[in-house]
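# Understanding the architecture of this molecule
Listed below, chain by chain, are the residues.
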Amino acid sequence: MRFEFDRGGRSVGSAQWEGPGQVRLDVSDTRERAFLQDWFASEVTYLATAFDEDDEAFQQRRRDWTPWEFERACHALEGRGYRARRTPSEAVEAGRGAS
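The present account deals with the structure reproduced in this document. (Residues numbered from 1 in each chain as written. Predicted model: local features only at pLDDT ≥ 70, side-chain atom pairs only at ≥ 80, totals over all residues. Heavy atoms only, no water.)

## Considering the pattern of salt bridges
Across all of its chains, the model carries 8 salt bridges by this definition. Between D64 and R62 there is a salt bridge, with its nearest N and O atoms 2.6 Å apart. On the basis of relative accessibility, which here comes to 3%, the residue D64 falls in the buried class. Take R62: its relative accessible area is 29%, and that puts it in the partly exposed class. Salt bridges sharing common partners tie together R2, E4 and R85. (Salt bridge = Lys/Arg side-chain N within 4 Å of Asp/Glu carboxyl O. Buried < 20%, exposed > 50% of the residue type's maximum accessible area, 1.4 Å probe, protein only.)

Have a look at this one:
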């Protein structure tokens, strides 16, 4: 899954989810890149559905842990002034880790 980002009418770059905790960024601006790295690696809190009194009411997950969370994180960037657009994924290179 891959998204391209624009901000203020200019292209920022792209992010591709490659696996749990592995997002490949193609962003040339160092500040934008650092922000996006931190954004995807940070955790969000979800209200859980508790069916048993031993279950936790809240769950914390990284934004890059699953494709669903990655896609949600990309769209959440729109609230921070980015425009996120899903594009075709590029080939995943064997052995490549998070960027």
